[in-house]
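# Working through the structure, step by step
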Amino acid sequence: MARFTPENLVLAQEILSRYPRKKSAVIPLLHLAQEQDGYVTNDAMANIAELAEVTAAEVIGTCTFYEMFKTHPVGKYVINVCTNISCQLLGGEELLEHLEETLEIRSGSTTADGLFTIEDYECLAACTEAPCMQVNYRYFHRISNDEVDEVIADLRSGKLADTIPDHGTLQRVRQTIPADKLAGVHAPETVVDAPAWMSRNEPVLAARAAAEAAAKAAEAVEEKKAD
Amino acid sequence: MATNAYVPHAAGYVDNEGPKIVSSRFVHEDSYTLERSLATGGYEGLKRALTKAPIEVHDEVRSAVLLGRGGAGFPAGIKWGFCPPGKWPMYLVVNGDESEPGTYKDRLLMECDPHQLIEGCLIACYALGLSQCFLYVRGEMALAQERIAAALNEAYEANLVGKNILGTDFSVDVVLHWGAGAYIVGEETALIESLEGERGMPRLKPPFFPAAIGLYGQPTIVNNVETLANLPWIMVNGAEEYKKFGSETSPGTRLFAISGHVKRPGVYETEQGVTTFSDLIYGDNFCQGMRGDDELKMFIPGGASAPWFFPEQVDLPLEARPVGAAGSMLGSGAIVIMDASTDAVKACLRVVRFFARESCGKCTPCREGTTWEETVLRRIYDGHGRPGDVEMLLDIADNISPGPYPGAAWEAEGLEAIPFPPKQTTICPLGPSSVAPITSAVRRFRHEFDAKIPQRTSIPVTAS
Ligand SMILES: Cc1cc2nc3c(=O)[nH]c(=O)nc-3n(C[C@H](O)[C@H](O)[C@H](O)COP(=O)(O)O)c2cc1C
Ligand code: SF4
Ligand code: FES
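Residues numbered from 1 in each chain as written. Chains lettered and ligands numbered in written order. Predicted model: local features only at pLDDT ≥ 70, side-chain atom pairs only at ≥ 80, totals over all residues. Heavy atoms only, no water.

## Quick word on the nonpolar core
To keep it simple, the criterion reads: For our purposes a nonpolar core is just a set of buried Ala, Val, Leu, Ile, Met, Phe, Trp, Tyr and Cys residues, chained together by side-chain atoms within 4.5 Å. Working definition: with a 1.4 Å probe on protein chains only, accessible area under 20% of the residue-type maximum means buried, over 50% means exposed, and in between means partly exposed. Contact between two residues is taken to exist if any of their heavy atoms lie within 4.5 Å; hydrogens are not considered.
One finds Leu122(B), Phe170(B) and Phe449(B) to be the most contacted residues of the largest nonpolar core, which totals 213 residues. In this structure, Phe170(B) is in contact with Trp197(A), Leu46(B), Leu50(B), Leu122(B), Cys125(B), Tyr126(B), Gly162(B), Asn164(B) and Ile165(B), ignoring residues within four places of it in sequence. In this structure, Ala397(B), Ile400(B), Val435(B) and Ala436(B) belong to the second largest nonpolar core, which totals five residues.

## As for the site of ligand 2
Put simply, the rule is: We call a residue near a molecule or strand as soon as one heavy atom of that residue lies within 4 Å of the molecule or strand. In this classification, Asp, Glu, Lys and Arg are treated as charged, Ala, Val, Leu, Ile, Met, Phe, Trp, Tyr, Cys and Pro as nonpolar, and every other residue, Gly included, as polar.
Surrounding ligand 2, one finds 13 residues, the nearest of these being Cys360(B), Lys362(B), Cys363(B), Cys366(B) and Cys428(B). Taken together, the residues that form the shell around ligand 2 break down as eight nonpolar, four polar and one charged.

## Structural notes on the pairing of strand β1 (residues 77-82) of chain A
Residues and elements named next belong to chain A. What counts here: Numbering of helices and strands runs from the N terminus, with a helix taken as a DSSP run of H or I at least four residues long and a strand as a DSSP run of E at least two residues long. In this analysis, strands are considered paired if DSSP registers two or more bridges between them.
The element β1 is largely enclosed, with a buried count of six among its six residues. Both faces of β1 are covered, namely the face carrying Tyr77, Ile79 and Val81 and the face carrying Val78, Asn80 and Cys82. Judged from the three bridges that link them, β1 and strand β3 (residues 133-135) form a sheet pairing that is antiparallel. Bridge pairing in β3 links Asn80 to Gln134.

## Brief notes about the environment of Val22(B)
Assignment of secondary structure puts Val22(B) in the segment before α1 (34-39). The sequence separation of Val22(B) and Arg254(B) amounts to 232 residues, and the corresponding C-alpha distance is 8.2 Å.

## Description of helix α7 (residues 142-157) of chain B
Residues and elements named next belong to chain B. The test is simple: A helix's residues, less one, multiplied by 1.5 Å, set its expected span.
With 16 residues, α7 should cover 22 Å at 1.5 Å per step; its first-to-last C-alpha distance of 23 Å lies within 8% of that length. Burial analysis of α7 places 14 of its 16 residues in the buried class, the great majority of the element. Once α7 ends, the next one or two residues include Asn159, with phi positive near 65°.

## Let's talk about unusual backbone geometry
Across the chain, the bulk of peptide bonds are trans and the bulk of non-glycine residues have phi less than zero. The omega angle of the peptide bond from Lys205(B) to Pro206(B) is -10°, so this bond is cis rather than trans. One can find Pro206(B) in the loop between α8 (188-195) and β4 (220-224). The omega torsion across Phe420(B) and Pro421(B) is -5°, close enough to zero to call that bond cis. Mapping Pro421(B) onto the fold places it in the loop between α15 (389-400) and α16 (430-433). Here Asn136(A), not a glycine, exhibits a phi torsion of approximately 45°, which is positive. As for its position among the elements, Asn136(A) is in the loop between β3 and β4 (138-140).

## A few points about the side chain of Glu98(B)
Just so we agree on the cut-off: In this count, Lys and Arg are taken as positive residues and Asp and Glu as negative ones, while His and the chain termini are left out. Note on definitions: salt bridges are taken to be side-chain nitrogens of Lys or Arg within 4 Å of carboxyl oxygens of Asp or Glu.
The residue Glu98(B) is located in the loop between β1 (91-96) and α5 (106-112) in this model. Of the buried charged residues, Glu98(B) lacks a salt bridge, with Lys105(B) as the closest side chain of opposite charge at 5.0 Å. In contact with Glu98(B), not counting residues within four places along its chain, are Ala125(A), Thr103(B), Tyr104(B), Lys105(B), Asp106(B), Arg107(B), Arg138(B) and Met141(B).

## Some points on the confidence of the model for chain B
To be explicit about the condition: You can read pLDDT as the predictor saying how much it trusts each residue, on a scale of 0 to 100.
Of all residues in chain B, 98% attain a pLDDT of 70 or more, and the chain-wide mean is 96. Overall fold confidence (pTM) sits at 0.96, and the ipTM for the predicted complex is 0.96.

## Section: the sheet that holds strand β2 (residues 132-137) of chain B
All names here are of chain B. The criterion, for reference: Lines are fitted to the C-alpha atoms to define the axes, a helix being fitted only along its stretch in contact, and any angle between axes, read from their N-to-C directions, falls within 0 to 180 degrees.
Read from one edge of the open sheet, four strands run β3-β2-β1-β4, paired in parallel fashion. Pairing within the sheet leaves two strands with one partner each, and these edge strands are β3 (173-178) and β4. Pairs of neighbouring strands in the sheet enclose a mean axial angle of 20°, with direction left out of account. Sheet topology note: the β1/β2 ladder contains six bridges and is parallel. Bridging across to β2, Tyr91 finds its partner in Gln132.

## A word on the pattern of salt bridges
Residues and elements named next belong to chain B. For the structure on display, the rule yields 45 salt bridges over all chains. Note that Asp15 is salt-bridged to Lys20, the shortest N-O span being 3.9 Å. For Asp15, a relative accessible area of 48% translates into the label partly exposed. Between Lys105 and Asp106 there is a salt bridge, with the nearest N and O atoms lying 2.8 Å from each other. As far as the burial class goes, Lys105 and Asp106 line up, both buried. Each of Arg69, Lys105, Asp106 and Glu226 takes part in one network of salt bridges that share partners.

## Examining a negative patch on the surface
Test applied: Candidate patch residues must exceed 30% relative accessible area and have no salt bridge, after which like charges are joined if within 9 Å and Val, Leu, Ile, Met, Phe, Trp or Tyr side chains if within 5 Å. Methods summary: accessible areas were calculated by the Shrake-Rupley approach with a probe of 1.4 Å, and residue burial reflects only the protein chains presented. Here the site of a charge means NZ on Lys, CZ on Arg, CG on Asp, or CD on Glu.
On the surface, Glu219(A), Glu222(A), Glu223(A) and Asp227(A) cluster together to form a negatively charged patch. Along the polypeptide, Glu219(A) turns up in helix α8 (residues 201-226).

## Topic: the site of ligand 1
Residue and element names in this part refer to chain B. The condition is simple: The term polar contact refers here to a pair of N or O atoms within 3.5 Å; inside protein, the definition further demands a hydrogen-donor-capable atom paired with an acceptor-capable atom, and it admits residues adjacent in sequence only when both atoms are side-chain atoms.
Neighbouring residues of ligand 1: 18 residues in total, closest Gly70, Lys79, Asn223, Asn224 and Thr227. Residue Lys79 places a side-chain N or O atom 2.8 Å away from an oxygen atom belonging to ligand 1. Within the contact set of ligand 1, a nitrogen atom lies 3.3 Å away from a backbone nitrogen or oxygen of Gly186. For ligand 1, whose accessible area on its own is 620 Å², the fraction buried by protein is 89%. Of the residues assigned to the shell around ligand 1, the class counts are four nonpolar, eight polar and six charged.

## A look at the interface of chain A and chain B
Interface extent is often summarised as the accessible area lost during association of the parts. How we decide: By buried area we mean how much accessible surface two parts lose on assembly, using a 1.4 Å probe and totalling the loss over both.
Contacts between the two partners involve 78 residues from chain A and, on the opposite side, 100 residues from chain B. Across the chain A/chain B interface, buried area totals approximately 7,300 Å², and carbon plus sulfur atoms make up 56% of it. Of all residues in chain A, Phe65(A), Trp197(A) and Arg200(A) give up the largest surface area on contact with chain B, accounting jointly for 10% of the area buried on that side. One can count nine salt bridges joining chain A with chain B. Between Lys346(B) and Glu93(A) there is a salt bridge, with its nearest N and O atoms 3.5 Å apart. Elements with a minimum of two residues in the side of chain A that touches chain B: α2 (26-37), α4 (56-65), α5 (85-89), β2 (116-121), β4, α7 (145-157) and α8 of chain A. Tallied by class, residues from the side of chain A that touches chain B come to 40 nonpolar, 19 polar and 19 charged.

## Side note on the domain arrangement of chain B
Residues and elements named next belong to chain B. Basically, it comes down to this: The domain limits used here are those given by an automatic or database domain assignment.
The assigned domain composition of chain B is domain 1 (34-242), domain 2 (253-339) and domain 3 (344-452). Between the C-alpha centres of domain 1 and domain 2 the distance comes to 27 Å. Each partner contributes to the interface: domain 1 provides 14 residues, whereas domain 2 provides 14 residues. If you sort the residues of domain 1 by the area they bury against domain 2, Arg69, Glu100 and Gly102 come out on top, with a joint share of 35%. Where domain 1 packs against domain 2, one counts zero salt bridges. In this assembly, domain 1 and domain 2 are joined by seven residue pairs in polar contact (both at pLDDT 80 or more).

This is the structure:
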């Protein structure tokens, strides 16, 4: 398990091709690995290191900095409850407590059946819709304790499978750039000239320079007159 | 890309009276599609820009005095002018990492009108000769990523992005990039580090001002999502029209998110510099008053990093300069309203905990200081505080941000306003931001801290 599958390798190459430097693809590739396996495995990091032409240590270094990358298995559904200030004011902490009691786990841990992980999360940019939470990064706004119970039941029964993919999948729609539409990705050291359209400035700049020169000349004439 | 029943289209956005510059399409359920965009004037701004020379587009943006909406409020047109001439290639990095507590507007713009944002990116690239655009979207925003991916796919297909855009010599790729959960990555130099595949740790400024030394060491423009979303309107209607909204030094409109203890929390587009905090909180067109008509205790005027304001400051206009002079900042347009039931120590602890968790750890005063702030505040809140703890908090804070920290006036106590910004011993402003809730709460509600700290009676030592 855990190196990229042939299909994902194609996606990985596509992602890599969009950046002037390969290392820039490390974070998107870590997401792809997490999508494939539900978390980021050591083998995946080694694979990413090869693809991005960096050391495995560098990939681990980047991976461990970011909250969303899990280096150990987590639940099929990761539930992030916002307890930051706007949500705290309207019951975010109580929501988290209720969820902890319902699922009988503390935040930061996973239920024994591997279905749910709870996280005590920072602001989710839904502050006016407090209290709020996410399940696998899909939002639930202004949610009450009863509604949370309903969501848990629906997740268990598979009723929300269409709206909420398994943990790891972020984008069910991906960017694809057809080869004939691509403007072109170049390593920075290979680009020395201004882009083509910048030559459109030339007539404007010339006209401005001419106007300035004319104004200066007129000024000089005025000054001479004054003398 | 279906959302669930708990999240209606443009959730939280309130379509009130008033000019609409960036939110005009939100009322349409299909606002994110190319079809709706084109039917409502989408990409007209780009077409208009393409009839001008790049430098004329830049001039138009400069004269519109478009202020950055990411936090610092720096004029975009002037920032664009900082790129060293002739150093190619140059890049555009779009800051869609919105994670400042209280802030909710960039996500709306990305989810509901991705084409407007893409068009804004293209206008900026055209004006400055930028070779490639990276749209950095916060990792946790799955729907925004899907909507932008779909919009880019449509736009590429329609020849609106990519090679020879609309049959002209203008060619640029817009690449969707996404983060993985780290608030600090919103800081522009950390954003660039992250885009280079590194840990998101800020760089020292100077010398690493992105416009001079940015992505891959090349000149790079970093702009906020909302800033760029204004460009299509400005191109279509012109800087003069734009300046008819708002005040002279803060023209145009802005999206403000008002959360907390109000009757109708939401995201409102309104004119800067004209509308006041009081209008937003009590106005019929806005939040319609405090929840339960309770008393206002305090409010955060510009995101968790901003020092707090109190009832005395509600009549200030939503404009960077007066808010800064009054001791805080307008920041990211995030206003958090707290009523009399709010525990000042608890609110302070929660905000400080955020900064302690999100400190990147690169510099000592912030890494150690924010953790200590949280530890001391936690024990005060839990009832285990020690005499002298409040002084210790202020002392730790002074090591991160020396000197008097910005804060609001309190006339009743003879305290004057200390203007923004704070000083810093750190690489970036995150560390100093952690001080804002502490000095704000201690200055105004010292008695709440003292009441939580057990008063120990000393045990008499007697010789037997
Ligand atoms: C700790 C910290 C976090 C920040 N987070 C964000 C953010 O999430 N989004 C954003 O646009 N700007 C953020 N900024 C501001 C950016 O550094 C930068 O000023 C901004 O993106 C520039 O865009 P603008 O000029 O269009 O406002 C943050 C700054 C700091 C110091
Ligand atoms: S102030 Fe804090 S977040 Fe900013 S660079 Fe230093 S340690 Fe990192
Ligand atoms: S504070 Fe909870 S979403 Fe912002």
